[in-house]
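Breakdown of the fold
So you can see what is in the structure, the chains are spelled out below.
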There are 2 protein chains.
Amino acid sequence: MTATARKSFHAIKAEMARRIAERVWAPGALIPGEEVLAVEFSCARATVNRALQELARGGVLVRKRKAGTRVALHPMREARFVIPIVRQEIENKGGIYQFRLLSNDVEKAPQTVTKRLGLGRNKEMLHVRCLHLSGAEPYQYEDRWINLDAVPAIRNETFETISPNEWLVTHSPFSQAEIVFHAGLAGTDEAEILKVDEKDPVFVIERLTFVLQKPITFVRMIHPGSHRMVTQL
Amino acid sequence: MTATARKSFHAIKAEMARRIAERVWAPGALIPGEEVLAVEFSCARATVNRALQELARGGVLVRKRKAGTRVALHPMREARFVIPIVRQEIENKGGIYQFRLLSNDVEKAPQTVTKRLGLGRNKEMLHVRCLHLSGAEPYQYEDRWINLDAVPAIRNETFETISPNEWLVTHSPFSQAEIVFHAGLAGTDEAEILKVDEKDPVFVIERLTFVLQKPITFVRMIHPGSHRMVTQL
DNA sequence: ACCATTATTATGTATATACATATTATGTCA
DNA sequence: TGACATAATATGTATATACATAATAATGGT
C-alpha cells in the first residue's frame with residue numbers, strides 16, 4: 001500500500017499512531033517536522049498539525065516549539081472513564097433503575113467534608129443519602145453533602161421522583177471537579193444498605209464539584225465490591 | 001467587560017464554558033450556529049469551530065450535523081486518569097522507588113488469563129511477579145502474564161535492573177488496551193507481600209494490552225487499600 | 001396519505017496564507 | 001569568556017475559502 005494512505009487527518013493520525021506502535025518512530029526519537037510530513041502525506045501543514053496535536057493530547061507525542069515533536073519516552077497514556085449518571089449506567093447494563101431516598105436533612109457537616117470543600121467548619125449543609133438499585137439489587141449508595149449557599153433552591157426539593165444527582169445535573173452544572181477512586185471496607189450501615197457483609201470490600205468514588213471556585217457538593221458513591229469500572233483505550 | 005473578550009479559541013472556549021456553567025445556555029438548549037458565533041466573537045468560523053469541538057470532546061456540548069449544537073443534557077463528563085509508570089508515580093509523590101522481583105517463570109497460564117486475552121487454554125506464558133516499593137513501604141504488587149509469542153525477546157530478561165513494566169514500555173508498545181478498576185480483599189499471599197492484613201481492602205487495576213489485535217500482556221496491579229486515584233476535570 | 005427524490009442547512013474537514021510565540025542557536029560586545 | 005541581544009526555526013493559531021457529509025425539510029408523483 002502507498003505510504004500516503006489518502007488524506008483526512010484521521011488517516012494521517014492513524015498512520016502516525018501505527019508508526020509509533022510499530023516503532024518505526026522509536027520512543028524518544030524526534031519525528032519529522034510538520035512541513036516535511038505535509039509533503040510526505042501530500043496535504044496541508046494544518047492537517048498534519050491537527051493529527052499531531054491530537055496525538056500529543058493522547059500522550060504519545062511530546063511537542064515543543066522550536067525543539068520539534070518527539071515520541072513520548074514514558075507514554076503516560078491517559079485512561080478516560082466516562083462517569084455517567086447512575087440511572088444511565090444501570091439502564092445501559094440492561095437493569096431496571098430504581099432509587100430509594102434514605103434521608104434528607106440540613107445538618108452540620110463533618111470537618112472531613114467542609115475541609116475538602118474549603119468551607120468553614122460547623123457549616124450547615126444539606127445531607128442527602130440515597131440508594132440506587134438495579135432491579136432489586138443495591139447498586140450504589142450515595143451519601144451527599146450540598147452547599148446550600150450555592151444552590152438554595154434545592155432546599156425545597158423532596159427527591160421523591162428525582163435523585164439528588166439528577167437534580168443537580170439539571171439545575172446546577174459544574175465547572176471544576178475532583179474525582180477520587182479508592183477501595184474500602186463496608187461499615188455497619190453501608191453493609192446493611194448495600195446488602196453486603198460488614199467488612200466486605202467496597203469500591204468508593206468521591207466527587208467534589210465547584211462552579212467558578214464556589215463549592216457545590218461533595219458526594220461519596222459506594223459500590224459493592226463486585227463493581228468494576230472498565231475502559232478501553 | 002465586552003462580551004467578545006478578544007479572540008483566540010481559548011478565550012472563546014472559556015467564554016462559552018462560562019455561559020454553560022452559568023446557565024446562560026441551559027442544558028438541552030440549542031446554541032447559536034457557528035456562523036452566528038463567529039460574528040458575535042468577531043472571528044473566523046474555524047476558530048469558533050475549534051472551541052466548539054473541544055467542548056464537545058469534553059462532553060459539555062453535543063453536536064449533530066444539520067441539527068446544530070446543544071448543551072449536553074446529561075453531561076457524561078469523562079474523567080481522565082493518567083496511568084503513569086509506577087516508578088514515576090512514586091517519584092512524583094516524593095518517594096524513593098525500589099522494586100523487588102518475586103518470581104519469573106514460564107508456566108501454563110490459568111484460564112482466567114488466557115480467556116481474557118483470547119488465547120487457547122494451556123498456553124505457556126511468562127509469569128512475572130514483582131513488588132514496587134516507595135521507600136520501604138510496599139506500594140504495588142504486580143502480577144503479570146506475558147505472551148511469549150508476541151515478545152519472545154523478553155524470555156532472556158532477568159529483570160534485575162528493570163521492571164517488567166518498564167521493559168515492556170520501552171520494548172513493546174501497545175495499540176489497544178483495556179483497563180479495569182475494582183476493589184477486592186487481600187488474599188493470603190497478597191497480604192504478606194503488601195504487608196497488610198489478610199482481608200484488608202485492596203485497590204486492583206487490571207490491564208490487558210494488545211498490538212494490532214495480538215495479545216501482549218495481562219497484568220494485575222494491586223495496591224493497599226489506602227491507595228487513592230485522583231483526577232481533576 | 002405515502003414514499004422517494006431533492007434541496008437546504010449546520011457541522012466537518014482541507015487548503016493556502018499569514019502572523020504569533022516559544023525556544024534554541026548564533027553572533028556581538030564588553 | 002560570559003552576558004545579552006538577535007536571528008532562525010518549529011510549532012501554535014487565525015483567516016478566508018472551498019467542498020464534503022449528514023440530517024432534516026420540502027417537494028412531487030403515484
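Position numbers for residues start from 1 in each chain and track the written sequence from start to end. All chains are assigned letters beginning at A, and all ligands numbers beginning at 1, according to the order in which they are written. In keeping with the predicted nature of the model, local features appear solely for residues at pLDDT of at least 70, side-chain atom pairs appear and are counted solely at 80 or more, and the whole-chain, interface and lining totals rest on all residues.

**Topic: the overall build of chain A**
- Helix and strand definitions here come from DSSP, where helices need a minimum of 4 consecutive H or I residues and strands a minimum of 2 consecutive E residues; each element is numbered from the N-terminal end. Within chain A, the regular secondary structure consists of seven helices and eleven strands.
- Each principal axis of the C-alpha atoms in chain A carries an extent, and together these give about 65 × 35 × 30 Å.
- Looking at chain A as a whole, 31% of its 233 residues qualify as buried.
- C-beta atoms are placed from the backbone for every residue, and two residues are taken to be in contact when these atoms lie within 7 Å. Taking the intrachain contacts of chain A between residues at least 6 apart in sequence as the baseline, contacts between residues at least 24 apart amount to 57%. Partly exposed residues are those whose C-beta has more than 12 but fewer than 20 other C-beta atoms within 10 Å; with 20 or more the residue is buried, with 12 or fewer it is exposed, and the C-beta atoms are placed from the backbone.

**Some thoughts on the relation of the copies chain B and chain A**
- Of the transformation placing chain B onto chain A, the axial shift is 0.1 Å and the rotation is 180°, giving an RMSD of 0.3 Å. What the superposition gives is, in effect, a two-fold axis relating one chain to the other. For chain B, the residue whose C-alpha comes nearest the rotation axis is Arg80(B), separated from it by 2.0 Å.
- A shared binding surface is used by both copies, with 98% of the interface residues of chain B retained as interface residues in chain A. For this overlay, a least-squares fit was computed on C-alpha atoms, restricted to residues scoring pLDDT of at least 70 in both copies.

**Examining the sheet that holds strand S5 (residues 97–108) of chain A**
- Taken together, seven strands build an open sheet; the order of strands is S5(A)-S6(A)-S7(A)-S10(A)-S9(A)-S8(A)-S11(B) and the sheet is antiparallel. If you trace the sheet from one side to the other, it starts and ends with S5 of chain A together with strand S11 (228–232) of chain B, each paired once. Pairs of neighbouring strands in the sheet enclose a mean axial angle of 15°, with direction left out of account.
- Both strand S9 (residues 201–211) of chain A and strand S10 (residues 214–224) of chain A contribute to a ladder of ten bridges, which runs antiparallel. Opposite Val204(A), over in S10(A), you have Ile222(A) as the bridge partner. When DSSP finds two or more bridges between a pair of strands, those strands are recorded as paired. The axes used here are C-alpha line fits, helices contributing only the stretch in contact, and every angle between their N-to-C directions lies in the interval 0 to 180 degrees.

**Here we look at the domain arrangement of chain A**
- A domain assignment, automatic or from a database, supplies the domain bounds used here. Here chain A is partitioned into domain 1 (8–71) and domain 2 (86–224).
- For domain 1 of chain A and domain 2 of chain A, the distance between their C-alpha centres works out to 43 Å.

**Examining the environment of Ser175(B)**
- With respect to the secondary-structure elements, Ser175(B) resides in the loop between helix H6 (164–171) and strand S8 (176–185).
- Under the C-beta neighbour-count criterion, Ser175(B) is labelled partly exposed, with 17 such atoms within 10 Å.
- The sequence separation of Ser175(B) and Gln213(B) amounts to 38 residues, and the corresponding C-alpha distance is 8.5 Å.
- The residues touching Ser175(B), leaving out its near neighbours within four places in the chain, are Ala21(A), Phe210(B), Val211(B) and Leu212(B).

**With respect to the packing of helix H1 (residues 8–21) of chain A against helix H3 (residues 45–57) of chain A**
All names here are of chain A.
- Interhelical geometry of H1 versus H3 gives an angle of 50° and a closest axis separation of 9 Å. Our classification of the angle between H1 and H3 gives oblique. As H1 runs across H3, the sense of the crossing is right-handed. Contacts between H1 and H3 involve Phe9, Ile12, Lys13, Met16 and Ala17 on the former and, on the latter, Thr47, Val48, Arg50, Ala51, Glu54 and Leu55. With respect to orientation, any angle under 35 degrees is reported as roughly parallel, any angle over 145 as roughly antiparallel, any angle of 65 to 115 as roughly perpendicular, and every other angle as oblique. Take the far helix as the reference: if the near one is turned anticlockwise from it by less than a right angle, the crossing is left-handed, and if turned clockwise, right-handed.

**Details of unusual backbone geometry**
Residues and elements named next belong to chain B.
- Despite not being glycine, Arg23 has its phi angle at roughly 60°, a positive value.
- One can find Arg23 in the loop between helix H1 (8–21) and strand S1 (30–31).
- By C-beta crowding, Arg23 is classed as partly exposed, having 14 other C-beta atoms within 10 Å.
- The backbone of Phe159 shows a phi angle near 60°, a positive value even though the residue is not glycine.
- Topologically, Phe159 is positioned in the loop between strand S7 (137–146) and H6.
- According to the C-beta neighbour criterion, Phe159 is partly exposed, with 16 such atoms within 10 Å.

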